[in-house]
Amino acid sequence: MNPALLIVLSLACVFPAAGSEDPWNTRAGLRQLGSHARSTMLDYASWSEEYVVSGRKPGPADWTVNRMTENLFLQLLDALREAPNAALQRDCLMHLGEKVPREFD
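Only a predicted model underlies this, so the values are computations on that prediction, with no experimental measurement involved.

### Details of the overall build of the protein chain
- Summing up its helical and strand segments, the protein chain has five helices and zero strands in all.
- Here the protein chain holds 105 residues, and 37% of them are scored as buried.
- Of all intrachain contacts in the protein chain linking residues separated by at least 6 positions in sequence, the fraction that spans at least 24 positions is 79%.

In structure tokens form, the structure reads like this:
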């Protein structure tokens, strides 16, 4: 993962949006992106555990998994800038800090 992604994601605004409705619950695109991000984090965590236990060097498939996940996080970052979601941001930061193997930092 790109270390700059971690920094920028941690600096994203976490203040609630104006109004009483959470756009991550009411806007279909954000709801789908949030769901996709959470399921990707779970899948990545499973892959990461297997990767670390295997002790192998990163191969093309491993780099592809990381690039795909990083691209999703970049899209998520854009969405979090437009519609802050503190819980999702925290989950992303925890994921980036705990699940990404050192080789991909």
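### What about the packing of helix H3 (residues 28–54) against helix H5 (residues 86–98)?
- Following both chains from N to C, one finds H3 and H5 inclined at 20 degrees, their axes separated by 11 Å at the closest point. Our classification of the angle between H3 and H5 gives roughly parallel. Two packed elements cross with a definite hand, and for H3 against H5 that hand is left-handed. Residue-level inspection shows Gly34, Arg38, Met41 and Tyr44 of H3 in contact with H5, the latter providing Ala87, Leu88, Asp91, Cys92 and His95.

### Focus on the packing of aromatic side chains
- Scanning all chains against the criterion turns up five aromatic pairs.
- Seen from their ring centres, Tyr44 and Trp47 are 5.0 Å apart, and the 55 degrees between their planes marks the pair as tilted. Taken together, the positions of Tyr44 and Trp47, both in helix H3 and three residues apart, correspond to about one turn of that helix.
- Pairwise contacts between aromatic rings join Tyr44, Trp47, Tyr51, Trp63 and Phe104 into one cluster.

### Focus: the pattern of salt bridges
- Counting across every chain of the model gives five salt bridges.
- Here Arg81 makes a salt bridge to Asp78, at a shortest N to O gap of 3.1 Å. In this pair, Arg81 and Asp78 both sit in helix H4 (residues 60–82), three residues apart, roughly one turn of the helix.
- Looking at Arg81, the relative accessible area reads 48%, which means it is partly exposed.

### Here we look at the confidence of the model for the protein chain
- Residues of the protein chain with pLDDT of at least 70 account for 81%, and the chain-wide mean is 87.
- Looking across the protein chain, the model is least confident in helix H1 (residues 3–11), with a mean pLDDT of 62, and most confident in H3, with 96.

### Notes on the nonpolar core
- Within the largest apolar cluster, 19 residues are counted, with the highest numbers of intra-cluster contacts made by Trp24, Leu33, Met41, Leu76, Leu88 and Cys92.
- Take this core: its biggest share by element is seven residues, from H3.
- Beyond its immediate chain neighbours, meaning those up to four positions away, Leu33 contacts Trp24, Leu72, Gln75, Leu76 and Ala79.

### Quick look at H4
- Counted at 1.5 Å a residue, the expected span for H4 with its 23 residues is 33 Å, and the 34 Å between its end C-alpha atoms agrees.
- Every buried residue of H4 is accounted for by Asp62, Asn66, Thr69, Glu70, Leu72, Phe73, Leu76, Leu77, Ala79 and Leu80.

### Details of the side chain of Asn85
- Tracing the backbone shows Asn85 in the loop between H4 and H5.
- On the basis of relative accessible area, Asn85 is assigned to the buried category, the value being 15%.
- There is a polar contact of 3.2 Å between the side chain of Asn85 and the backbone nitrogen of Ala87.
- Discounting chain neighbours no more than four positions away, the residues touching Asn85 are Asp22, Trp24 and Leu80.

What counts, and at which threshold
- Residues numbered from 1 in each chain as written.
- Predicted model: local features only at pLDDT ≥ 70, side-chain atom pairs only at ≥ 80, totals over all residues.
- Heavy atoms only, no water.
- Helix = DSSP H or I, 4+ residues; strand = E, 2+ residues; numbered from the N terminus.
- Buried < 20%, exposed > 50% of the residue type's maximum accessible area, 1.4 Å probe, protein only.
- Contact = heavy atoms within 4.5 Å.
- Axes fitted to C-alpha atoms, helices over the stretch in contact; angles between N-to-C directions.
- Parallel < 35°, antiparallel > 145°, perpendicular 65-115°, else oblique.
- Left-handed = near helix turned anticlockwise from the far one by under 90°.
- Phe/Tyr/Trp six-rings, centres within 6.5 Å; stacked < 30°, edge-to-face > 60°.
- Salt bridge = Lys/Arg side-chain N within 4 Å of Asp/Glu carboxyl O.
- pLDDT = per-residue confidence, 0-100.
- Core = buried A, V, L, I, M, F, W, Y, C linked by side-chain atoms within 4.5 Å.
- Expected span 1.5 Å × (residues − 1).
- Polar contact = N/O pair within 3.5 Å; in protein donor to acceptor, adjacent residues only side chain to side chain.

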